[in-house]
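# A closer look at the structure
The lines below spell out each chain.
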Amino acid sequence: MSASRSQPVLVPVALGDDGVLRRAVAAHLARYTGLTRSHTDSDLRCFLIWCADRGLGPLAAGRVHVELYVRWMQEIRRYRPATISRRLSVVVGFYRTCLIDGLLEMSPAEHVRRPHVPPESPTLGLSHLQFEAMLHAARSSPNINDFALVTMLGLLGLRIFEACGADVEDLREEHGHRVLKVRGKGSQVVLTPLPPTVQRAIERAVDGRDAGPVLRNRRQVRMDRHAATRRLRHLAEDAGISLPRMHPHMLRHTFVTTMLDAGVDLRDVQIAARHADPRTTMRYDRARKNLDRHPNYILAAYMASGT
């Protein structure tokens, strides 16, 4: 079973013997499926364990306790603002569910101030030349999975769990296009068209098979995110790319930033990246402060006949 389809169980130590809290947690997690459920489980577990370590019942917590939890993430764990904001959102959602179910009369997280999240994404992407070097190294690699891995992440913009979860059976023809059925966040299923380069890379990895995972590790079983990360770091070394920490999301980041740098409309990039909120896409736009792209020039050119 893939990671996106697993249904995690919350760590028992975080709940103790409190049956009411167990039901509250189960009710909140029931609102989510797939990887979203897994991430929500992980973030909520962090808060519940924090409460348990301090002998605090989460359903008895006040606003000050949630504020202290945020301060702990900032000053002790040194989490980034985006991580703190995400984990606080999970806590806010949990207490909102408790309100809906009548377990609480007031949410202790309702008026907790969220940290400021910088408008730019802190994740480093590859430059145009670095991405070309990465593609060349993957194409030349004796491992038939490398080229498919890099193109699926960097040219299709797949998340790592989507790329690793892709099966040969998900490849099909649709209206004259070769497409891949992708299972994304929240069990969302989309058909992603495959450019010729990606088609060739995937066909090389499939190697004539008619079933099973597209990407496999050295033991010929489904590649996971850890094996993918190791392959990408090896390829980065072969390509002469010096980065502090190579990881799969850097190629998805590169997919978005390269599209935006090439002048693709923000709305089209948002659709291609499957971002629910355009503000998420805008965080990747490295050139949005470039005055050459300022809309004033577009408007003036459009109205040139009248001016």
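All figures in this text were calculated on a predicted structure; none of them were measured in a lab.

## Section: the overall build of the chain
Across its full length, the chain holds 13 helices and three strands. Across the 307 residues in the chain, those meeting the buried criterion constitute 42%. Pairs at least 24 apart in sequence give 60% of the contacts found in the chain among residues at least 6 apart. Surface exposure of the chain reaches about 17,100 Å², of which carbon and sulfur atoms provide 53%.

## Focus: the pairing of strand β1 (residues 171–174)
Judged from the four bridges that link them, β1 and strand β2 (residues 177–183) form a sheet pairing that is antiparallel. Residue pairing across strands places E173 opposite R178, the latter belonging to β2. As consecutive antiparallel partners, β1 and β2 are separated by two residues, and within that stretch H175 has a phi angle of approximately 55 degrees, a positive value.

## Things to note about helix α1 (residues 19–29)
Taken together, the buried positions of α1 are occupied by L21, A24, V25, H28 and L29. The buried residues of α1 all sit within an arc of 130 degrees when viewed along its axis, so they share a single face. Considering only its buried residues, α1 is in contact with α2 (34–53) and α4 (81–100).

## Quick look at the confidence of the model for the chain
Mean pLDDT over the chain: 85, with 85% of residues reaching 70 or higher. Here residues 1–11 scores under 50 on pLDDT; set against residues more than four positions off or in separate chains, the count is 20 contacts.

## Structural notes on helix α9 (residues 225–238)
Here α9 contains 14 residues, and its C-alpha end-to-end distance of 20 Å stays within 8% of the 20 Å for a straight helix at 1.5 Å per residue. Listed in full, the buried residues belonging to α9 are A227, A228, T229, R231, L232, L235 and A236. As for α9, its buried residues are in contact with α5 (128–140), α6 (144–154), α7 (160–165) and α10 (249–261). Measuring from the side-chain oxygen of the N-cap residue of α9 to the backbone nitrogen of H226 gives 3.2 Å; that N-cap residue is D224. Backbone geometry just after α9 places G240 at a positive phi near 75 degrees.

## What to know about the nonpolar core
Judged by nonpolar contacts, the single largest core of 40 residues is most densely connected at M134, V150 and M152. Counting residues per element, the ones that place at least two in this core are α5, α6, α7, β2, α8 (196–206), α9 and α10. Ranked by the residues each element gives to this core, the list is headed by α6, at six residues. Not counting residues within four places of it along the chain, the set of residues in contact with M152 comprises G157, L158, A163, A166, L180, I202, V214 and L215. Counting 28 residues, the second-largest nonpolar core is a separate cluster that includes V25, F47, W50 and V70.

## Some thoughts on the environment of E67
Structurally, the position occupied by E67 is in helix α3 (residues 63–75). Look at E67 and you get partly exposed, because its relative accessible area is 26%. Between the alpha carbons of E67 and P108 there is a distance of 9.3 Å; along the sequence they are 41 residues apart. Each residue touching E67, except ones within four places of it in the same chain, is listed here: H111, V112 and R113.

## A closer look at the sheet that holds β1
One open sheet holds the three strands; their spatial order is β1-β2-β3, and the pairing between them is antiparallel. Both edges of this open sheet fall to β1 and β3 (189–193), since each of them pairs with a single strand only. Across the sheet, the axes of successive neighbouring strands diverge by a mean angle of 40 degrees, strand direction being ignored.

## Topic: the environment of T229
The residue T229 is located in helix α9 in this model. In this structure, T229 is in contact with M246, H247 and P248, ignoring residues within four places of it in sequence.

## Here we look at the pattern of salt bridges
Summed over the entire model, instances satisfying the criterion amount to 11 salt bridges. A salt bridge links D167 to R222, with the nearest nitrogen and oxygen atoms 2.6 Å apart. Note that D167 is positioned in the loop between α7 and β1 and R222 in the loop between α8 and α9, a separation of 55 residues in sequence. Taking the relative accessible area as the measure of exposure, D167 reaches 13% and is therefore buried. Salt-bridge contacts for D170 lead to R183; the nearest nitrogen and oxygen are separated by 3.0 Å. Taken as a pair, D170 in the loop between α7 and β1 and R183 in strand β2 lie far apart in primary sequence, 13 residues in all. One connected set of salt bridges, linked through shared partners, spans D43, R86 and R87.

Criteria and thresholds
- Residues numbered from 1 in each chain as written.
- Predicted model: local features only at pLDDT ≥ 70, side-chain atom pairs only at ≥ 80, totals over all residues.
- Heavy atoms only, no water.
- Helix = DSSP H or I, 4+ residues; strand = E, 2+ residues; numbered from the N terminus.
- Buried < 20%, exposed > 50% of the residue type's maximum accessible area, 1.4 Å probe, protein only.
- Contact = heavy atoms within 4.5 Å.
- Areas by Shrake-Rupley, 256 points an atom, 1.4 Å probe, with all protein chains shown as cover.
- Pairing = 2+ DSSP bridges.
- Arc of directions from axis to C-beta.
- pLDDT = per-residue confidence, 0-100.
- Expected span 1.5 Å × (residues − 1).
- Polar contact = N/O pair within 3.5 Å; in protein donor to acceptor, adjacent residues only side chain to side chain.
- Core = buried A, V, L, I, M, F, W, Y, C linked by side-chain atoms within 4.5 Å.
- Axes fitted to C-alpha atoms, helices over the stretch in contact; angles between N-to-C directions.
- Salt bridge = Lys/Arg side-chain N within 4 Å of Asp/Glu carboxyl O.

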